[in-house]
Amino acid sequence: MLSLVCTALDPWQTDAHDQLPVGPLGARARARTEVTAAIKDAARRRLAAEGAARLSLRAVARELGMVSSALYRYFPSRDDLLTALITDAYDSLGEAAETAHARVADAASLRRWTAVCEAVRHWALAHPHEYALIYGTPVPGYSAPDATVPAASRVGLLLLGVARDAHERGELTAPPLPPELAPEADRMAADLAPGLPPAAMPSLIAAWAQLFGLVGFELFGQFERVVEAREEFFRHAAVRLGRAAGLTGEDT
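Residues numbered from 1 in each chain as written. Predicted model: local features only at pLDDT ≥ 70, side-chain atom pairs only at ≥ 80, totals over all residues. Heavy atoms only, no water.

Chemist: How should the packing of helix H6 (residues 109-126) against helix H11 (residues 201-219) be read in this particular structure?
Modeler: The angle between the axes and the distance between the axes are what describe a pair of packed helices. Two elements in contact, H6 and H11, have axes separated by 10 Å at closest approach and are oriented at 30°. For the pair H6 and H11, the crossing hand works out as right-handed. Together, Trp 113, Cys 117, Val 120, Arg 121, Ala 124 and Leu 125 of H6 and Leu 204, Ala 207, Leu 211, Phe 212, Val 215, Glu 218 and Leu 219 of H11 make up the contact between the two elements. Looking at the contact of H6 with H11 residue by residue, the class counts come to 11 nonpolar, no polar and 2 charged. (Axes fitted to C-alpha atoms, helices over the stretch in contact; angles between N-to-C directions. Helix = DSSP H or I, 4+ residues; strand = E, 2+ residues; numbered from the N terminus. Left-handed = near helix turned anticlockwise from the far one by under 90°. Contact = heavy atoms within 4.5 Å. Nonpolar A, V, L, I, M, F, W, Y, C, P; charged D, E, K, R; others polar.)

Written as structure tokens, this is what we have:
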């Protein structure tokens, strides 16, 4: 069926006609959306089976019963397909974290922080290959373009937003800052979180990095025969990260 749809779309996908219809999605636009989704789903299966380094458009095309030339009309290169998968993964993770945060939006800042951290872990455990794509070993020969930055920033900005609200509520105490780090802290605050005290920024950035380190250790097997009560351990660690970043108040 997919190959029939691709064949039907071929004339529309030429340089002269490669434009979406104006107004509601027409049949061709819907078909293009469906084929694009099918390509990405097949690519995710290839990631799970062989890893990102071995992803190829030809292998994806074979799995879908498409000719390679048809697939290239959707994704001109492997890097374009990787970029789409990476952006989707970051957006899916960001949406999961934002949804979890929305459920506790009226809670104390430390509870909100912990909810975001736990959502990151739960998403990673449910999507291990996509997590590996965005936080695992870099893909040889691939460099993510700037277009991925907004999606990649969603969790970090959400955590900074929690900290900013905590500061406004009087629930943030900036940890001591070495004088030699003050210029960098000023830059971080100006670039990433205007409204937050610069002294809080290094600890917040460190906590963000440690969050993904904790998740990665669990996901990639580093806790085997070390940590058995994984969920309880992670929650304790997430609370400690929040407190180390200066958040005060209750975590429940």
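Chemist: Sorry if this is basic, but what is going on with the packing of aromatic side chains here?
Modeler: What characterises a pair of aromatic rings is the spacing of the ring centres plus the angle enclosed by the ring planes. Throughout the structure, instances matching the rule amount to 7 aromatic pairs. Seen in terms of ring centroids, Tyr 131 and Tyr 135 are 5.1 Å apart; in terms of plane orientation they differ by 40°. Their pairing is tilted. Taken together, the positions of Tyr 131 and Tyr 135, both in helix H7 (residues 128-135) and 4 residues apart, correspond to about one turn of that helix. A connected cluster of aromatic rings, assembled from ring pairs, spans Tyr 90, Tyr 131, Tyr 135, Trp 208, Phe 212 and Phe 220. (Phe/Tyr/Trp six-rings, centres within 6.5 Å; stacked < 30°, edge-to-face > 60°.)

Chemist: Which parts of the structure should I look at to understand helix H2 (residues 27-50)?
Modeler: One turn of the α-helix equals 3.6 residues, which is why residues spaced by three or four share an orientation. Compared with an ideal rise of 1.5 Å per residue, which puts 24 residues at 34 Å, H2 spans 34 Å between its outermost C-alpha atoms and is within 8% of the ideal. Within H2 the residues assigned to the buried category are Ala 29, Ala 31, Arg 32, Val 35, Thr 36, Ala 38, Ile 39, Lys 40, Ala 42, Ala 43 and Leu 47. At the exit of H2 stands Gly 51, carrying a positive phi of roughly 90°. (Expected span 1.5 Å × (residues − 1). Buried < 20%, exposed > 50% of the residue type's maximum accessible area, 1.4 Å probe, protein only.)

Chemist: I'm lost on the environment of Ala 105 in this one. Help?
Modeler: Looking at where Ala 105 falls in the secondary structure, it is placed in the loop between helix H5 (78-103) and H6. By relative accessible area, which is 31% here, Ala 105 ends up partly exposed. When sequence neighbours within four positions are dropped, the list of residues in contact with Ala 105 reads Arg 112 and Arg 169.

Fair warning: the whole summary comes from geometry, so function is off the table for now.
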